[in-house]
Amino acid sequence: MYKEQDFDVIVIGAGHAGCEAALAAARLGLQTCVFTINIDTIAQLSCNPAVGGLAKGHMVREIDALGGETAKVTDKSGIQFRMLNLSKGPAVWSLRAQADRVLYRDNMRYTVENQKNLAVKQGTVEKIAVEDGKVKGVVTSLGVFYGARAVIVTTGTFLKGLMHIGFDSFQAGRAGEFPSIGLSDSLKELGLKMGRLKTGTPPRLDARSIDFSKTTPQWGDDPPPPFSYSTEKITNPQLPCYITYTNKKTHEIITGNLDRSPLYGGRIKGIGPRYCPSIEDKVVRFSERERHQVFLEPEGLETTEYYANGISTSLPYDVQVKLVRSIEGLENAEIMRPAYAIEYDFVFPTQLRHSLEVKTIDGLFLAGQINGTSGYEEAAAQGLMAGINAALKIRGKEPLILGREEAYIGVMIDDLVTKGTSEPYRMFTSRAEYRLLLRHDNADFRLTEKGYAAGLVSGEAYNKFREKKGLLIDELERLKRTRVKPSEEINKALVSMDTSEISEDTALDKLLKRPEIKYGFIKNNSPSAYSLTPEIENLVEINVKYEGYIQKQIEMAGRMKKLESRKIPADLDYKIIPGLSKEIVEKLSEIQPETIGQAGRIPGLTPAAISILLVAVEKQKRNKG
């Protein structure tokens, strides 16, 4: 075996998780190397060329607040930006961007290749070298050994990837790329329990063959709102998406060819995403539906390729052609790239700590789809946290663990390591207990301090945040202490907004609490001494209108934190605790929760079991004391 150089951190895979992990470790001053099977596909948007969406957009903002890169690259590459759910409450507002696939890849690659302390190598890692339960490095397919103090595995769908188009199957990490075979075997040899998942992608169509006049255009917001707090303006040209629908004929084509589907023919063994099913699944499971929505989304500014979002399938190519051409506007559509399904290996994430380090192997971290998640945003968030925590571990510092009340990233990681997953995990706002605290607009208020303390947020960005925070606090205090006198002009304006008149001096914040009144009314009648950005004005309005609800969630989170502070000794033997059932002992022994709060979120653990566990923890604490 030939030995090459040593690194502090080695990252395997240069997708969204790998790029964030490698950048974080390198920016924290560690000598880092990222391995990728193909340098030309660094940060490839392998499925939908879009970033964000419900809850996912929150995580992109959180990545940015912590000092990550995804939001910045999206802003440089975005060709349509839309804030979703504006008709609902601010807790579920979420930004989504359509990205230029080539621009995104090129921008991220440039960032990675020009990052100090970060080397990029094209190669296939076949083995993780471990001695006495501790990571020592990696071995490539060429037999080259690279030493490392920490290794982060971010392999996406490449672990024994198997693609299906009809009954034609072939090994691949994604279309046109080799899979990773040996690494999966290496992880199993290290004792990790692994499973099999499946995801899929729709056909890509040639815009020149689409009749857009039969579809409904959907434009983004004007001006386009950026993801990153550091982006002042989106400069790319903006493009519309287009909406069309499947129909009865489409559904007949699908149901008439289910015997040729690898999904229904038993060829595919992996479990697919419940919340993003193939068109075969949708037609079978929702047979009462007459149609399903299809979004035609541009792949970029310099290509005619369109992504047919909504008709992911693994049906044979000839059926795909009939299926596509049965849809209005696509009667003459040409398929540029066929749809396919892909199966791949993953590691059951209950084998990880909240730092994303494997419990049984010192220095081995996992991030992204290898942990059972689905989506660029989920992967990037895990990659960032794994990169930070690998660096902190090497420096002998405590890991950065985000609570469920602090970030969607915290919710996701806690769900994975505590509850596990047997299907591709996708983030939703409904997974968070404290949605009103975890809003899209306040990610910097929640996480910038942590990013700065970790060393990823620059002093310049931190000072800019502190200035913004000061302006918000000052304005909220001003609204509480400033009172408006009743006058004919004021009451006339109030009546015009369908809200009641005032008969006595009234604090501005009391007026702003009224549903009918927007901050613009306050601004016009009692402006701040400072020039506030629309972003700060929006924050002021949300904080005032939802003050009571926000306070209730803060109190709830505080009560839960008391349970999170009750540590469970690592050497606690669950088998000797009287009163715990065999099933609960097995779950506790497998997951090894670090706190009483985490134990309470393990599926199947009853309140009675938690009470018994509390008593056992206190008893051991007294005995040791």
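Rules used in this analysis
Residues numbered from 1 in each chain as written. Predicted model: local features only at pLDDT ≥ 70, side-chain atom pairs only at ≥ 80, totals over all residues. Heavy atoms only, no water. Helix = DSSP H or I, 4+ residues; strand = E, 2+ residues; numbered from the N terminus. Rg over C-alpha atoms; globule rule 2.2 N^0.38 Å. Buried < 20%, exposed > 50% of the residue type's maximum accessible area, 1.4 Å probe, protein only. Contact = heavy atoms within 4.5 Å. Areas by Shrake-Rupley, 256 points an atom, 1.4 Å probe, with all protein chains shown as cover. Lys, Arg positive; Asp, Glu negative; His and termini not counted. Charge placed at Lys NZ, Arg CZ, Asp CG, Glu CD. Axes fitted to C-alpha atoms, helices over the stretch in contact; angles between N-to-C directions. Parallel < 35°, antiparallel > 145°, perpendicular 65-115°, else oblique. Left-handed = near helix turned anticlockwise from the far one by under 90°. Nonpolar A, V, L, I, M, F, W, Y, C, P; charged D, E, K, R; others polar. Pairing = 2+ DSSP bridges. 1 Å grid on protein atoms, 1.4 Å probe; cavity = no way out; pocket = protein on both sides within 12 Å on 5 of 7 lines; lining within 4 Å. Points joined across faces, edges and corners; volume = space filled by probe spheres on them. Phe/Tyr/Trp six-rings, centres within 6.5 Å; stacked < 30°, edge-to-face > 60°.

Things to note about the overall build of the chain
Item 1. Counting its regular elements, the chain contains 20 helices and 22 strands.
Item 2. For 625 residues, the compact-globule formula gives about 25 Å, and the C-alpha radius of gyration of the chain, at 26 Å, lands near that figure.
Item 3. Over its C-alpha atoms, taken along the principal directions, the chain stretches across nearly 85 × 75 × 50 Å.
Item 4. Counting the 625 residues in the chain, one finds 57% classified as buried.
Item 5. Once local pairs closer than 6 in sequence are excluded, the contacts in the chain between residues at least 24 apart make up 73%.
Item 6. Counting only carbon and sulfur atoms, one obtains 51% of the accessible surface of the chain, whose full area is about 27200 Å².
Item 7. Separation of charge centres in the chain, based on 84 positive and 80 negative side chains, amounts to 4 Å.

Points about the packing of helix 2 (residues 56-66) against helix 9 (residues 376-394)
Item 1. Their axes nearest at 9 Å, the elements helix 2 and helix 9 cross at an angle of 25 degrees. Judged by the inter-axis angle, helix 2 sits roughly parallel to helix 9. Seen along the crossing, helix 2 lies across helix 9 with a hand that is left-handed. On the side of helix 2, the interface is formed by K56, M59, V60, I63 and L66, while helix 9 contributes E377, E378, A380, A381, L384 and M385.
Item 2. When its residues are assigned to classes, the contact of helix 2 with helix 9 shows 8 nonpolar, no polar and 3 charged.

Some remarks on the environment of A493
Item 1. Relative to the assigned elements, A493 resides in helix 13 (residues 488-496).
Item 2. The partly exposed category is assigned to A493, whose relative accessible area is 24%.
Item 3. Separated by 23 residues in sequence, A493 and E516 have C-alpha atoms that sit 11 Å apart.

Structural notes on the sheet that holds strand 13 (residues 204-206)
Item 1. Within the open sheet, the 6 strands sit side by side as 14-15-16-17-13-18. Their pairing is antiparallel. Each of the sheet's edge strands pairs with one partner strand only, and the pair in question is strand 14 (216-218) and strand 18 (335-337). Taken over all neighbouring pairs, the strand axes of this sheet differ in orientation by 35 degrees on average, direction set aside.
Item 2. As paired strands, strand 13 and strand 18 are joined by 2 bridges and run antiparallel to one another. Bridge pairing in strand 18 places R204 opposite R337.

Looking at the sheet that holds strand 19 (residues 340-347)
Item 1. Spatially, 11-10-19-12 is the arrangement adopted by the 4 strands of the open sheet, whose pairing is antiparallel. In the strand order of this sheet, the two ends are held by strand 11 (168-171) and strand 12 (194-201), each with one partner. Ignoring which end each strand starts from, the neighbouring axes of this sheet average 25 degrees apart.

A few points about the pairing of strand 16 (residues 293-298)
Item 1. Of all 6 residues that make up strand 16, 5 are buried, and the element is covered over most of its length.
Item 2. Where strand 15 (residues 241-245) lies against strand 16, 4 bridges are found, and the strand directions are antiparallel. In the sheet register, Y245 faces strand 16, and the bridge partner there is Q293.
Item 3. Linking two consecutive strands that pair antiparallel, namely strand 16 and strand 17 (residues 305-309), is a turn of 6 residues.

Comments concerning helix 5 (residues 182-189)
Item 1. Taken together, the buried positions of helix 5 are G182, L183, S184, S186 and L187.
Item 2. Residues of helix 5 that are buried make contact with strand 1 (2-12), strand 7 (125-131), strand 9 (144-153), strand 12 and strand 19.
Item 3. Remark: G191 follows helix 5 within two positions and exhibits a positive phi of approximately 95 degrees.

Details of the layout of surface pockets
A water-sized probe, rolled over the atoms, reveals where empty space remains.
Item 1. Counted as a void, the second largest pocket has a volume near 1500 Å³.
Item 2. Of all the elements in the fold, those that place two or more residues in the lining of the second largest pocket are helix 2, helix 11 (443-454), helix 12 (459-481) and helix 16 (534-545).
Item 3. If one sorts the elements of the lining of the second largest pocket by residue count, helix 12 sits on top with 7 residues.
Item 4. Considering only residue class, the lining of the second largest pocket consists of 19 nonpolar, 11 polar and 15 charged.

Remarks on the packing of aromatic side chains
Item 1. One pass over the full model with this rule turns up 8 aromatic pairs.
Item 2. Residues F35 and Y146 carry aromatic rings whose centres are separated by 5.0 Å and whose planes lie at 70 degrees to one another, so their mutual orientation is edge-to-face. With F35 in strand 2 (residues 32-36) and Y146 in strand 9, this pair connects stretches of sequence that are 111 residues apart.
Item 3. Accessibility expressed as a relative area gives 3% for F35, which makes it buried.
Item 4. Arranged with centres 3.8 Å apart and planes meeting at 5 degrees, the rings of Y452 and Y462 form a pair that is stacked. Taken as a pair, Y452 in helix 11 and Y462 in helix 12 lie far apart in primary sequence, 10 residues in all.
Item 5. Accessibility expressed as a relative area gives 38% for Y452, which makes it partly exposed.
Item 6. Among the aromatic residues, those joined into a ring-pair cluster are F445, Y452, Y462 and F465.

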